[in-house]
Amino acid sequence: MTAETQIKETVTTNDVVLFMKGTKSMPQCGFSSRVAGVLNFMGVEFADVNVLADEEIRQGIKDFSDWPTIPQLYVKGEFVGGCDIITEMTLSGELDTLFAEQGVAFDKDAADKIREANA
């Protein structure tokens, strides 16, 4: 199976996927840690793909999304963004809206707490 095929299968069979350095329980870079932390705090069920474990996936996800950096968040098969975009979307409430529109369960109170803490 090619990296592209594996990536396509992963993003289409999981509602939320985070391609990251490390895992959701043990991130290995600050940016990956921030996005995984937001998702974990908001109670979002998501698949994590450790790009450090497979060089083909690490390069393949950059080619797949045409986005040069990791982490990368996908919701319902669509690329949403990296750390800066997810941070902005969380603070503006756009991430809540996206999850609600896509039928992804999340803790609204937790999302509100993130915004309160960063106001």
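Enquirer: Even after reading the chapter, I still don't get the packing of aromatic side chains, so can you show me in this structure?
Expert: Remark: the centre distance and the inter-plane angle together describe each pair of aromatic rings, the angle taken between the planes. Taken as a whole and assessed by the stated rule, the structure comprises five aromatic pairs. Ring geometry for F19 versus Y74: centroids 5.7 Å apart, planes at 75 degrees, classification edge-to-face. Linking F19 in strand β1 (residues 16–20) with Y74 in strand β3 (residues 72–75), this pair joins segments that are 55 residues apart in sequence. There is no split in this pair, since F19 and Y74 are both buried. Relative to F106, the ring of F99 has its centre 5.8 Å away and its plane inclined at 50 degrees; by these criteria the two rings are tilted. F99 gets classed as buried once you look at its relative accessible area, which sits at 0%. An aromatic cluster is defined as three or more aromatic residues linked by ring pairs; in this entry it consists of F19, F64, W67, Y74 and F79. For K24, the ring lying beneath its charged end belongs to F46, and the centroid distance is 4.5 Å.

Enquirer: Could you clarify how one ought to interpret helix α1 (residues 3–13) in this entry?
Expert: One full turn of an α-helix is made of 3.6 residues, so residues set three or four places apart face in the same direction. Within the span of α1, buried status applies to A3, I7, T10 and V11. Viewed end-on, α1 has its buried residues packed into an arc of 90 degrees, placing them on one side of the element. Counted as exposed and oriented over 90 degrees from the buried face of α1: T12 and T13. Close packing links the buried residues of α1 with β1, β2 (47–50), α3 (55–65) and β3.

Enquirer: Help me understand the sheet that holds β2, please; the structure alone is not making it clear to me.
Expert: Note on sheets: strands pair through backbone hydrogen bonds, and any given pair is parallel or antiparallel. Strand order in the open sheet formed by four strands is β2-β1-β3-β4, with mixed pairing between adjacent strands. Since the sheet does not close on itself, it has two edges, and those belong to β2 and β4 (78–81), each with one partner. Averaged over all adjacent pairs, the angle separating strand axes in this sheet is 25 degrees, with direction ignored. Here helix α5 (residues 94–102) sits on the sheet in contact with β1, β3 and β4, set at roughly 35 degrees to β3.

Criteria and cut-off values
- Residues numbered from 1 in each chain as written.
- Predicted model: local features only at pLDDT ≥ 70, side-chain atom pairs only at ≥ 80, totals over all residues.
- Heavy atoms only, no water.
- Phe/Tyr/Trp six-rings, centres within 6.5 Å; stacked < 30°, edge-to-face > 60°.
- Helix = DSSP H or I, 4+ residues; strand = E, 2+ residues; numbered from the N terminus.
- Buried < 20%, exposed > 50% of the residue type's maximum accessible area, 1.4 Å probe, protein only.
- Lys NZ or Arg CZ within 6 Å of the ring centre and 35° of its normal.
- Arc of directions from axis to C-beta.
- Contact = heavy atoms within 4.5 Å.
- Pairing = 2+ DSSP bridges.
- Axes fitted to C-alpha atoms, helices over the stretch in contact; angles between N-to-C directions.

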